[in-house]
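Observations on chain architecture
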Amino acid sequence: MNAHAHPQHQPHVLDNPVWTALTTRQSHLAEISALARRFPADIGPIAGFAAPSRAAYASLAELFAPGEIAAVCLEAPPDDLAPHWQLVECAPMLQMIWTEHPLPPPARDFVALTSADAPEMLALATLTKPGPFATRTHELGDFIGIRSREGQLAAMAGERMRAPGFTEVSAVCTHPDHLGHGYATGLMVEIMQRITARGETPFLHVRSANQRAIDLYHRLGYADRHLFQLTILKKLQV
């Protein structure tokens, strides 16, 4: 999480992606304490700090209400949460970055998703669990979807964190009733092409246990960059 996290490399803007996003391209969204930053609650629970420490966790606690969940991206499982936090989950999460690679055709029959679609987007994300998602997550960037003939939101994909030169592809998910049609892949490609058209590089995060998704991302030209620990914390009443 700090400049020494990758001793074999020069520091990279994606070494601490949440902190980078909230101190650069998405600083206008940041809720700030002395040592920590977070996205607003109705955008999601994602938060970060320059480096983990007892003081940083205490500072992070100022940004969350008792009982609220925080999602932080760490180099290693936390060892000193101070009295403010309960560890809910710590799971390996792979950061992948796109390399120049031929892409399949993008989706064609997609629709732009807006605030009017937020309840359906939240319902789909809650069902399929692509990662933290809330009522205003779609405001972080372009979100697009495919609807079934009956009008159901069958799949979606969008953008989340932004670092200098990079934008994260996120919330890629398909309703279980509509798997196997390539919807998620087509939507991903459309989002990726929008990112590259801006002169930026797509990246993403995926739980290491999700081998099916990792295999797809490899086929699309993503390379493994770094293994983080996705750490879910619950704010305690102190």
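Residue indices follow the written sequence of each chain, beginning from 1 at its first position. Local features are withheld for residues below a pLDDT of 70 in this predicted model, meaning they are given only at 70 or higher, and side-chain atom pairs are given and counted only at 80 or more; totals for whole chains, interfaces and linings count all residues. Excluding hydrogens and water, the side-chain values take into account all heavy atoms of the structure.

1. Digging into the overall build of the chain
Short version of the rule: Only DSSP runs of H or I with at least four residues qualify as helices, and only runs of E with at least two residues qualify as strands; both kinds are numbered from the N terminus onward. C-alpha atoms define the radius of gyration, and 2.2 Å times the number of residues to the power 0.38 defines the globule rule. Exposure categories follow from relative accessible area, calculated using a 1.4 Å probe and restricted to protein chains: below 20% of the type maximum is buried, above 50% is exposed, and the middle band is partly exposed.
Counting secondary structure elements, the chain contains 5 helices and 11 strands. By the compact-globule yardstick of 18 Å for 238 residues, the chain fits well, its C-alpha radius of gyration being 18 Å. Principal-axis analysis of the C-alpha atoms places the extent of the chain at approximately 50 × 40 × 30 Å. Taking all 238 residues of the chain together, 50% fall into the buried category.

2. Description of helix α3 (residues 118-128)
Definition in use: Arc definition: it is the arc formed by the directions from the helix axis to the C-beta atoms. In what follows, residue pairs with any heavy atoms lying within 4.5 Å of each other are defined as contacts.
Within the span of α3, buried status applies to Ala118, Met121, Leu124 and Ala125. Burial along α3 is one-sided: seen end-on, the buried residues are contained in an arc of 130 degrees. The elements touched by buried residues of α3 are β7 (143-147), β8 (153-163) and β9 (166-174). Positive backbone phi, at 55 degrees, marks lysine 129, one or two positions downstream of α3.

3. What to know about the environment of alanine 171
Examined against the element boundaries, alanine 171 turns out to sit in strand β9. Once residues within four sequence positions are removed from consideration, alanine 171 is found in contact with Pro130, Phe133, Phe143, Met156 and Ala157.

4. Some remarks on unusual backbone geometry
At lysine 129, a residue that is not glycine, the phi angle is positive and equals roughly 55 degrees. Residue placement: lysine 129 occurs in the loop between α3 and β7. One non-glycine residue, alanine 171, adopts positive backbone phi at about 55 degrees. Judged by its relative accessible area of 5%, alanine 171 falls in the buried class.

5. Thoughts on the nonpolar core
Generally speaking, soluble globular proteins have nonpolar side chains that are buried together. Note the cut-off: For the purposes of this section, nonpolar cores are sets of buried Ala, Val, Leu, Ile, Met, Phe, Trp, Tyr and Cys residues that join through side-chain atoms within 4.5 Å.
One finds Met96, Val169, Met188, Val206, Tyr217 and Tyr222 to be the most contacted residues of the largest nonpolar core, which totals 25 residues. Going through the elements one at a time, β5 (85-98), β7, β8, β9, α4 (183-197), β10 (201-207) and α5 (211-219) are the ones with two or more residues in this core. Leu22, Ala30, Ile46 and Leu230 belong to the second largest nonpolar core, which has 16 residues in total.

6. A short note on the packing of aromatic side chains
Heads up, the condition is: Here a pair means two rings of Phe, Tyr or Trp (six-membered ring of Trp) with centres within 6.5 Å. Their orientation is stacked below 30 degrees between planes, edge-to-face above 60, and tilted elsewhere. Here, a charge over a ring means that NZ of Lys or CZ of Arg falls within 6 Å of the ring centre while also lying within 35 degrees of the ring normal.
All told, the structure shown has 5 aromatic pairs when counted by the stated rule. Relative to tyrosine 57, the ring of phenylalanine 49 has its centre 5.1 Å away and its plane inclined at 80 degrees; by these criteria the two rings are edge-to-face. Considered together, phenylalanine 49 and tyrosine 57 belong to a single accessibility category, that of buried residues. For arginine 37, the ring lying beneath its charged end belongs to tryptophan 19, and the centroid distance is 5.9 Å.

7. Thoughts on the confidence of the model for the chain
In low-pLDDT segments, the atomic positions of the prediction should not be examined closely. For clarity, the threshold we go by: Scored from 0 to 100, pLDDT records how confident the predictor is in each individual residue.
Per-residue confidence for the chain averages 93 on the pLDDT scale, and 96% of its residues sit at or above 70. Long-range and interchain partners of residues 1-6, a stretch whose pLDDT sits below 50, account for 15 contacts in this model, where long-range means more than four residues apart.

8. A look at the pattern of salt bridges
Selection criterion: Criterion for a salt bridge: a side-chain nitrogen of Lys or Arg within 4 Å of a carboxyl oxygen of Asp or Glu.
Summed over all chains, the structure comprises 15 salt bridges. Note that glutamate 200 is salt-bridged to arginine 25, the shortest N-O span being 3.1 Å. Within this pair, whereas glutamate 200 is found in the loop between α4 and β10, its partner arginine 25 is found in the loop between α1 (17-23) and β1 (31-32), the two being separated by 175 residues in sequence. Residue aspartate 42 pairs with arginine 136 through a salt bridge whose shortest N-O separation is 2.8 Å. Of this pair, aspartate 42 sits in the loop between β2 (36-38) and β3 (46-49) while arginine 136 sits in the loop between α3 and β7, placing them 94 residues apart in sequence. Accessibility expressed as a relative area gives 25% for arginine 136, which makes it partly exposed. Among the ionic contacts, a cluster of salt bridges with common partners joins Arg25, Glu159, Arg162, Arg198 and Glu200.

9. Remarks on the sheet that holds strand β11 (residues 222-235)
Heads up, the condition is: Pairing between strands requires that DSSP locate at least two bridges from one strand to the other. Note on method: axes are straight lines fitted to C-alpha atoms, helices fitted across the in-contact stretch only, with angles between N-to-C directions ranging 0 to 180 degrees.
Taken in spatial order, the 11 strands line up as β1-β2-β3-β4-β11-β5-β10-β9-β8-β7-β6 in an open sheet, and their pairing is mixed. Whereas interior strands pair on both sides, the edge strands pair on one side only; in this sheet they are β1 and β6 (111-112). Here 5 bridges tie β5 to β10, and the two strands are oriented antiparallel to one another. For isoleucine 97, the partnering residue across the bridge sits in β10 and is phenylalanine 203. Taken strand by strand, α5 contacts β5, β9, β10 and β11, and its axis lies near 160 degrees from that of β10.

10. Thoughts on the pairing of β7
For β7, a buried count of 4 out of 5 residues is recorded, marking the element as mostly surrounded by other parts of the structure. When β6 meets β7, the two strands line up antiparallel, connected through 2 bridges. Following the sheet pairing, valine 111 is matched in β7 by glycine 145. Inspection of the sheet shows β7 paired to β8 by 5 bridges, in the antiparallel sense. Each bridged residue has a counterpart across the sheet, and for arginine 147 the counterpart in β8 is leucine 153. Hairpin connection from β7 to β8: 5 residues lie between these consecutive antiparallel strands, with glycine 151 at a positive phi of about 95 degrees.

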